[in-house]
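Remarks on the overall topology
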Amino acid sequence: MIDTTAINQQRNQFAQHADIWLFGYGSLIWKADFAYLESRSAYITGWERRFWQGSHDHRGTPEAPGRVVTLTPVAGAICHGMAYRITPETLAPLDHREKNGYLREITSMHFTDGSEAQGLVYMATDDNPAFLGPAPLEAMAQQIARAEGPSGPNRDYLMNLASALRELQVDDAHIFALEEQLQRL
Ligand code: SIN
């Protein structure tokens, strides 16, 4: 199984900073089980959220991976999520949590008050071994309906993300279409 922990620890671009802004767009929105100083709703530009990353360690198993979100580049797109101000020590548990193919990348993020910050985002690109890529909506929903891993049913990941986005008043066509497919099964 892939483990990006060591690579991410080398990508310590903000190690000298007292605090770091982290942008979350998936489970990091609704499962903030790490220490943070402050959270704010935020968005990044040029990326869309997609259920294209395989989960072999949280919402599936190596034999039957689940599907979780990553980001894909789309010109002009906006991806809304949640930004957390964390201390550099918090990156260790986050690297462990995001080890199945996600790398720390630097991003600009925008806050609702119009201000902006540079920070980190965990991104799983299409060349990582756990990447599954696109599939028909129904096939993705069926895979999510069946998969389960140490963190729980894959279904809960999708439902929790959809509810969190609704709470943030974010319209995300991909997520809501997949949620609807899942509920129809
Ligand atoms: C994120 O939420 O920002 C990364 C993907 C995930 O942990 O679900």
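Anything mentioned here points back to the structure above.
All of the points below concern the structure found in this document. (Residues numbered from 1 in each chain as written. Predicted model: local features only at pLDDT ≥ 70, side-chain atom pairs only at ≥ 80, totals over all residues. Heavy atoms only, no water.)

**A short note on the sheet that holds strand E1 (residues 20–24)**
Filter applied, for reference: In this scheme, strands are said to pair when DSSP sees at least two bridges between them. Runs of H or I in DSSP of at least four residues are treated as helices and runs of E of at least two as strands, each being numbered from the N terminus. Only the stretch in contact is used when fitting a helix axis, every axis being a line fitted to C-alpha atoms; angles between N-to-C directions are given from 0 to 180 degrees. In what follows, residue pairs with any heavy atoms lying within 4.5 Å of each other are defined as contacts.
Reading around the barrel, the five strands line up as E1-E3-E2-E4-E5 and close back on themselves, with mixed pairing between neighbours. Each strand axis lies, on average, 45 degrees off the axis of its neighbour in the sheet, ignoring direction. Strand direction decides the pairing type here: E1 and strand E3 (residues 66–86), joined by five bridges, are antiparallel. Considered in E3, the bridge of Trp21 is made with Arg85. Relative to E3, helix H5 (residues 154–167) is tilted by about 80 degrees, and along the sheet it contacts strand E2 (38–55) and E3. Sitting on the sheet, helix H6 (residues 173–184) is in contact with E2 and E3, with an inclination near 55 degrees to E2.

**With respect to the site of the ligand**
Cut-off, in case you're wondering: Nearness here has a simple test: a residue counts as near a molecule or strand if at least one of its heavy atoms is within 4 Å of that partner. Counted as a polar contact is a pair of N or O atoms within 3.5 Å, where, for protein atoms, one must be capable of donating a hydrogen and the other of accepting one, and residues adjacent in sequence contribute only when both atoms are in side chains. Areas reported here follow the Shrake-Rupley algorithm with a probe of radius 1.4 Å; residue values treat only the protein chains shown as occluding. All amino acids are sorted into three groups, where Ala, Val, Leu, Ile, Met, Phe, Trp, Tyr, Cys and Pro are nonpolar, Asp, Glu, Lys and Arg are charged, and the leftover types, Gly among them, are polar.
Near the ligand, the surroundings consist of Gly24, Tyr25, Gly26, Ser27, Leu28, Val69, Glu98, Tyr102 and Tyr157. Tyr25 is positioned such that a nitrogen or oxygen atom in its backbone is 3.0 Å from an oxygen atom of the ligand. Leu28 has a polar backbone atom sitting 2.9 Å from an oxygen atom of the ligand. In isolation the ligand offers 250 Å² of accessible surface; the protein chains occlude 97% of this area. Across the shell around the ligand, the residue classes break down as five nonpolar, three polar and one charged.

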